[in-house]
2 protein chains.
Amino acid sequence: MTGRREPATDTVDRRLNGNLPLLDAGAAAARIDADATVLTSGFGSVGYPKLIPLALADSDRDLSLTVVSSGNVGDEIDVALVESGAIDRRFTYQSSAVARAATNRRDIAFSDRNASSIGDEVQYGGLVEPDIAVVEAVAVGEDWFVPSTSVGQVPAFVEAADELLVEVNHRQPLKLQALHDIYRPEAPPNRGPIPLTDPGERIGTSRMHFDPEKLVGVVETDRVDSTYSFREPADDDLAIAANLGDFLAEEMERTAAFEDAVHLQFGVGSLGNALMGELEGLEFGDRDVVYYGELIQDGLLDMLDADRLACASATSMALTDEGQERLFASVERYARDVVLRPADVSNHPGLIDRFGVIGVNSAIEVDIYGNVNSTHVGGKRMINGVGGSADFNRNALVTICALPSTHDDGEISRVVPMTFHVDHTEHDIDVFVTEQGVADVRGLSPVERAELIVEECAHPSFRPRLRDYLDDVRSQDDHIPHDVARAADWPE
Amino acid sequence: MTGRREPATDTVDRRLNGNLPLLDAGAAAARIDADATVLTSGFGSVGYPKLIPLALADSDRDLSLTVVSSGNVGDEIDVALVESGAIDRRFTYQSSAVARAATNRRDIAFSDRNASSIGDEVQYGGLVEPDIAVVEAVAVGEDWFVPSTSVGQVPAFVEAADELLVEVNHRQPLKLQALHDIYRPEAPPNRGPIPLTDPGERIGTSRMHFDPEKLVGVVETDRVDSTYSFREPADDDLAIAANLGDFLAEEMERTAAFEDAVHLQFGVGSLGNALMGELEGLEFGDRDVVYYGELIQDGLLDMLDADRLACASATSMALTDEGQERLFASVERYARDVVLRPADVSNHPGLIDRFGVIGVNSAIEVDIYGNVNSTHVGGKRMINGVGGSADFNRNALVTICALPSTHDDGEISRVVPMTFHVDHTEHDIDVFVTEQGVADVRGLSPVERAELIVEECAHPSFRPRLRDYLDDVRSQDDHIPHDVARAADWPE
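Residues numbered from 1 in each chain as written. Chains lettered and ligands numbered in written order. Predicted model: local features only at pLDDT ≥ 70, side-chain atom pairs only at ≥ 80, totals over all residues. Heavy atoms only, no water.

- Per an unreviewed UniProt entry, chain A carries the name Succinyl-CoA:acetate CoA-transferase and comes from Natrinema salifodinae.
- The annotation that UniProt attaches to chain A under Sequence similarities (unreviewed entry) is "Belongs to the acetyl-CoA hydrolase/transferase family." (UniProt positions renumbered as here; feature names shortened; annotations may be inferred.)

What follows is the structure, encoded as structure tokens:
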């Protein structure tokens, strides 16, 4: 029933032959029109092009670029290129302080799309008119390349763009090819099924093929990714992990769907990383523990090292510098269990559904009725894109929102009467987990949800005020009673 | 490449043999525990059980039922049974005035889930502990039945429930079996792909099979569905249809994905029905026009009669009385082109994505930034469930929200500064269409979207006030500037 599990064995080297159009970064950057729509590789702050964006930032041309990445990219794009004023329009995920500030000043027009679908939207859906794809690779030939530490929507981007620039990064190990499984879904509107019947199966190739007519230039680099850094797990993180662990233990008992295997996904960030790291302490019995997610963060490496994961599927090895060292030292070992896929496979709504994933994602804040804001502080100020959180929150079999009950040293409650930006609706989330407890809101009405979220998940220092709000609005003869003006003044 | 298109030819009759446990409705109702969780058939206000709910409503027992349907059911459940006070808890879609009032009074606990996933949530996801399924059929045997005018999540419900009651409706033609294609996705967490490669393909059977141990009773009836009624298309409906038609014509030119075929879906209601009806006036050239949606409403019958649809896939023939007459008089003819599927196939996120659907759904109101409220007036008062609208709004290749710019004879704008209940987020909708015009917001930032939606879609009588709001908040240094208190006072 299950298909190929072993990594691809076709080997490539990256000695660049004389037929490839080698360019220096400045010459490559000059091939990009001043108002081009540029599609870049990069996801989870790794595997993005570095020298060409820096050369664009250094250019004295007056640039007004549209830059489309499918996930987070590093400082070369979202700091240097943004600071140079070259970016007019930016999709989709971003989270650097500099890009965020430019977006909040509205110097950059930001359209925030879901990670699963931005490839289709670029290629077929009319989101942009793509000009050129700029991608990082560990090796390149006349009609193929091997991606580096992430895949993202690179296959869709390369197909959609008229032209292609490749940065071959000699710092990224050639062996990374063993991780990749490049599979292109067919073109709509009559596609066949994606033939993946097991989260660890391989259905594609380690190489990404392209039309050789598109290749404008190849640039060589050995610049490292500007990776994520995660804080050490804090007390709240560990308490959230413990509450989550209790819930998962009960859930595995409850449903036959998790009798033989449990398929997990964790969202990006320090909390997600900490939760991955705490998996080791959980009892899974004889079950296959599978990671079917978007990002693999450092926290998962221990589980892989201990042979406790049957397999892990993602679109990015979103590791810290230390995590990359561990990966690069033992790529073959990780490739036994890890498959890096395009984001339209890793995050595909139908596959998340197919594999009955338990999805765990965080948020900025949640409201008492179960609406979730994961992108805009106060509903106004963008902190980061929505990324793939909605892909998993919408399509997972059990959807968990895990977050600390407060931020700013307990000064601000993350449980609020009303959230003024909604990324995930009341129809999406099954369970809320904070360091205070677990609110399993499945099957509850909005007011029942509110009671449970306030009592189980809010911080005790905010519970009385949340109870007051709920008690006062409860007198209304409405399904979802609220007082918008008062909610806007919260916590007054 | 494409599979079986012709309807099933296995014939059944509904002479009920002596081995079936025939019961009258009262005796059947008595088999349902007072606090049971009852899963019912019914979608689009057709194909739901009738006599057993009426018998429950007439019972003098003190009932506190949880009633789960996957789509809209008729007055026997959402009027009579609600008025009897027998329902404590109700999922998912509902829209009757009586059930709505009880829900807004919070006499009924309503948890509103997406139509695509409520089957999985009931069977595997811990939403309820299902006791008994009560379904309408046109024929029944010892281990099978044939559904009637809708399928919905009946296959999941019958598998999930411990017991089964079947109402055989002699008024619904036996020939309806030719429409059905009952296919059960495998159980998570390691399911295979749903093997549907063409929207009109048949991959299942006309019969729904069940464990004969579950069958508690069979009740005979000839009671008709309490069907939808649609108003005649109004001027606004026709103007919306014309604007939508212009957009579709441009979109078919723009993208190669629609070169050979265009796959459409329309939401429930009078507007959706009118838009289906206006399809006849559109030029599709040589393209296959395919309906891949949730409901087939009367408006689509003309397209079918004129042989202008290559095929139509849905989970319900949500017709009026007149539409049912047309269907019942020519079931074989419609069965050539129509396939009725379970809702976890018709609305499957992966299949909507696979088939590159252009989805057209309506709403109560939209805000200037592109958030959509389709369920709660003022963010508080429930009007109807979310149904399958989020399934299509999230997963369609091109997502269109079509609505009149005002309601209450132009007194109230449906374009508002901020909507206080969000069913579809700013990440979901590509295009807004009103009788005023079209706002194609793909690739636009929130403030750019606001400008376009106000200028193209808002009613001229509200545009100045919306411009004032936007101009005033624009001074904020925020990605999505707003003034919640003022938005709450809108249109003051």
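What to know about the environment of Arg 15 of chain A
Point 1. Turning to its location among the elements, Arg 15 of chain A is positioned in the segment before helix H1 (25-30).
Point 2. Spatially, the C-alpha atom of Arg 15 of chain A lies 36 Å from that of Arg 89 of chain A, the residues being 74 residues apart in sequence. (Helix = DSSP H or I, 4+ residues; strand = E, 2+ residues; numbered from the N terminus.)

Considerations on the interface of chain A and chain B
Point 1. Every contact between the two is made by 87 residues of chain A and, on the other side, 87 residues of chain B.
Point 2. Area buried by chain A at its contact with chain B is led by Arg 106, His 427 and His 479 of chain A, which between them contribute 11% of it.
Point 3. Along the contact surface separating chain A from chain B lie eight salt bridges.
Point 4. Here Lys 380 of chain B makes a salt bridge to Asp 478 of chain A, at a shortest N to O gap of 4.0 Å.
Point 5. Across the chain A-chain B interface, the total number found is 52 residue pairs in polar contact (both at pLDDT 80 or more).
Point 6. A class-by-class count of the residues in the side of chain A that touches chain B yields 32 nonpolar, 27 polar and 28 charged. (Contact = heavy atoms within 4.5 Å. Buried area = accessible area lost by both parts, 1.4 Å probe. Salt bridge = Lys/Arg side-chain N within 4 Å of Asp/Glu carboxyl O. Polar contact = N/O pair within 3.5 Å; in protein donor to acceptor, adjacent residues only side chain to side chain. Nonpolar A, V, L, I, M, F, W, Y, C, P; charged D, E, K, R; others polar.)

Re unusual backbone geometry
Point 1. In this structure, the amide linkage connecting Phe 91 of chain A to the following residue, Thr 92 of chain A, adopts the cis form with an omega of -10°.
Point 2. With respect to the helices and strands, Thr 92 of chain A occurs in the loop between strand S3 (87-91) and helix H4 (97-104).
Point 3. The residue after Pro 188 of chain B, namely Pro 189 of chain B, is reached through a cis peptide bond having omega 15°.
Point 4. Within the chain, Asp 307 of chain A stands out as a residue other than glycine whose phi angle is a positive 55°.
Point 5. Of note in the backbone geometry, Asp 408 of chain B takes a positive phi value of approximately 50° without being a glycine.

A look at the pattern of salt bridges
Point 1. The final tally for this structure, using the stated rule, is 60 salt bridges over all chains.
Point 2. Salt-bridge contacts for Arg 105 of chain B lead to Asp 107 of chain B; the nearest nitrogen and oxygen are separated by 2.7 Å.
Point 3. Residue classification places Arg 105 of chain B among the partly exposed positions, given a relative accessible area of 44%.
Point 4. Across the pair Glu 426 of chain B and Arg 449 of chain B runs a salt bridge whose closest N-O atoms are separated by 2.4 Å. A residue pair is termed long-range when its members are at least 10 positions apart, and Glu 426 of chain B in the loop between strand S24 (415-416) and strand S25 (431-433) and Arg 449 of chain B in helix H15 (residues 446-456) qualify at 23 residues. Both residues of the pair, Glu 426 of chain B and Arg 449 of chain B, belong to the buried class.
Point 5. What you see here is one network of salt bridges that share partners, running through Glu 251, Arg 254, Asp 440 and Arg 442 of chain A. (Buried < 20%, exposed > 50% of the residue type's maximum accessible area, 1.4 Å probe, protein only.)

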